[in-house]
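Take a look at the letters that make up each chain.
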Amino acid sequence: MLTVLRVHLPSDIPIVGCELTPYVLLKRADKSVITDDVTELNPIDGHFLRYKWYRVQSDKKVAVCSVHPTDQATLQCLGCVKAKIPVAKSYHCSPKCFSDAWQHHRVLHERAASAVNENGSEDEEIFGRFNSTGSNMGLSTSHSNPNLSNGSTAVYPATVTQRSGGETWFEVGCYKTYTPTADDIGHVLKFECVVVDAETKLAAGPANTLLTSRVIPAPSPSPRRLIIVGGIDMPGHLDLDGRISSAGTFTVLSYNILSDTYATNELYSYCPSWALSWTYRRQNLLREIVGYRADIVCLQEVQSDHFEEFFAPELDKHGYQALFKRKTAEVFGGNINCIDGCATFFRRDRFSHVKKYEVEFNKAAQSLTDALVPSAQKKNALNRLVKDNVALIVVLEAKFNNQGIDNPGKRQLVCMANTHVNVHQELKDVKLWQVRGVRYPVNMIYCCDHLWRLLFCFPPYQVSAYSSFARVGVGLGLEQRRRMDPATNEPIFTNCTRDFIGTHDYIFYSADSLTVESLLELLDEDSLRKDTALPSPEWSSDHIALLAEFRCKPRTRR
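Residues numbered from 1 in each chain as written. Predicted model: local features only at pLDDT ≥ 70, side-chain atom pairs only at ≥ 80, totals over all residues. Heavy atoms only, no water.

Under the annotation held in an unreviewed UniProt entry, the protein carries the name poly(A)-specific ribonuclease and is attributed to Sesamum angustifolium. Word for word, the UniProt comment on the protein under Catalytic activity (unreviewed entry) is "Exonucleolytic cleavage of poly(A) to 5'-AMP." Note on the protein: under the UniProt heading Subunit (unreviewed entry), the record states "Component of the CCR4-NOT complex, at least composed of CRR4 and CAF1 proteins." (UniProt positions renumbered as here; feature names shortened; annotations may be inferred.)

K.L.:
What is the right way to read the pairing of strand β18 (residues 413-420) from this model?
P.N.:
With respect to burial, β18 is a largely interior element, seven of its eight residues being buried. Here seven bridges tie strand β17 (residues 390-398) to β18, and the two strands are oriented antiparallel to one another. Along β18, the bridge assignment pairs Leu396 with Val414. Note that β18 and strand β19 (residues 443-449) share seven bridges and pair parallel. Residue pairing in the sheet places His420 in a bridge with Asp449 of β19. (Buried < 20%, exposed > 50% of the residue type's maximum accessible area, 1.4 Å probe, protein only. Helix = DSSP H or I, 4+ residues; strand = E, 2+ residues; numbered from the N terminus. Pairing = 2+ DSSP bridges.)

K.L.:
Please explain the pattern of salt bridges as it appears in this structure.
P.N.:
For the structure on display, the rule yields 18 salt bridges. Among the ionic pairs, Lys327 bridges to Asp340, the shortest N-O distance being 3.3 Å. Pair noted here: Lys327 is in the loop between β14 (320-326) and β15 (340-347) and Asp340 is in strand β15, with a separation of 13 residues, a long-range link. Take Asp340: its relative accessible area is 3%, and that puts it in the buried class. Here the salt bridges do not stand alone but share partners, grouping Asp295, Arg347, Asp349 and Arg350 into one network. (Salt bridge = Lys/Arg side-chain N within 4 Å of Asp/Glu carboxyl O.)

K.L.:
For this particular structure, what's the right way to read the nonpolar core?
P.N.:
In summary, soluble globular proteins display a tendency toward joint burial of nonpolar side chains. Formed by 66 residues in total, the largest nonpolar core has its most connected members in Phe250, Leu299, Ile445 and Phe550. The dominant element in this core, judged by the number of residues it contributes, is helix α6 (residues 278-292), at six residues. Filtering out sequence-adjacent residues up to four positions away, Phe250 remains in contact with Asp295, Ile296, Arg350, Phe351, Phe400, Val414, Ile445, Leu514, Ala548, Glu549, Phe550 and Cys552. Within the second largest apolar cluster, 28 residues are counted, among which are Val38, Ile44, Val172 and Phe191. (Core = buried A, V, L, I, M, F, W, Y, C linked by side-chain atoms within 4.5 Å. Contact = heavy atoms within 4.5 Å.)

K.L.:
What's the story with the packing of aromatic side chains in this structure? I'm lost.
P.N.:
Each aromatic ring pair is summarised here by two numbers: the centre-to-centre distance and the angle between the ring planes. In total, this model carries 18 aromatic pairs according to the counting rule given. Taking 6.3 Å as the distance between ring centres and 75 degrees as the angle between the ring planes, the aromatic pair formed by Tyr54 and Trp169 counts as edge-to-face. With Tyr54 in strand β4 (residues 47-58) and Trp169 in strand β8 (residues 167-173), the pair connects residues that are 115 residues apart, well separated along the chain. Judged on exposure class, the residue Tyr54 and its partner Trp169 are both buried. In this structure an aromatic cluster arises from ring pairing among Phe250, Phe351, Phe400, Tyr509 and Phe550. If you follow Lys190 out to its NZ or CZ, it ends over the ring of Trp169, 4.5 Å from the centre. (Phe/Tyr/Trp six-rings, centres within 6.5 Å; stacked < 30°, edge-to-face > 60°. Lys NZ or Arg CZ within 6 Å of the ring centre and 35° of its normal.)

See the structure below:
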């Protein structure tokens, strides 16, 4: 006989788009305890498990707070309704909640007004509203996300199974896992697990059930705008329908996504556990990354298993080709599949792959010490230099051209270097050695993390893209200058936790062959809300993404 000992969820707060996988503890006839998924196709001891998911729908409709999504809303911002802002963002749990969030909230109103075009209709802002699945509160009939699968078809057909005391129970899934949809927002979910006799197909014991909290929409940050710094206001910079490519520019995104290995409750105790879980963060990160629609994406701290199982296949659906370099494992002592590394993605319709180079700093350290360090000091030198860091260098050929009729048919190559150098502040010399070891002659763009302001060591043609904000003195550019450190001409922060705020992330480029046209706006402390740090429910990394739009300078004829 098979017996269910325990059923529970890692987090009882279900979020739209984030898969729920219950933990089911079983006892076999021989008294052994297992956690296997015992299906009808692989019964154990003549029994299998039958699963059901239900949505508990009350006659009383419930809205949840947009700031504190685990709390029920008590008021709604009518300004949001008038501005046609997604209704989920209009609800608050108290007047104090609305007042505290006002500085952040009013940005939604301002941007909704600016997004209305001449015909009076709304255009999606640059880099979109990330929360496509949770933008409808679902207080009345709403549409499920067709990309979410809870059965053999794209959308599991909900069926009424029971009505009792003003509540209706809809069966919404028949598998062990379930992914909440927009229809579930504001409702409790019920999971049911029953041991079934494999021969008779009848229940062999009582049902084991659990109830979740109310489903909440996936929190999403306000869209970040693309700020023109090139001095020419070209429509191609602000459109998502193809005019960017016709303008002959391309965009590069650099983002340290915070490896799940490092995202512990001990380090980030201020972040709700459900928002720190990988099942939630991966969906939120994907929404953000895809929303930027960059031509080239450089990610750091990508775990090997997450690259293979999630990022590579998911970004492939959006037209990206993927390349990856895992860190070496001489220092790392954990699961080899959890080692993080650097991942570079590029849009297949914009670039083709020419060449890939992999740099392992451990090997470079060995060569350096063999050549220059006396034998007596070699061990200490290697202990200092061997840190498992790597760089991924990719040469791409553009499928677009801005060279003009004077240079027809000229190949336009771009070299992308993606690296995550050593994190410790006391090893500045090691960081510098690692960074200077990555050099390439053509149009060079260098996305790196944890450089610690060693900017003075770069040759003149290596320029930081975000320093362009320091040269802009009007409009939105002036607003961005206030978010820059005047001593370094870099952002005041790209990494913001409770214990540290500062700049670790950079995009460098070859100034002799490239110009910066636009930059993704920087965040300020109001954007992060005064009572939070990163990661948070809205932003799923402790770093912020950087994005720059580049144009290749025309070649001079010889």
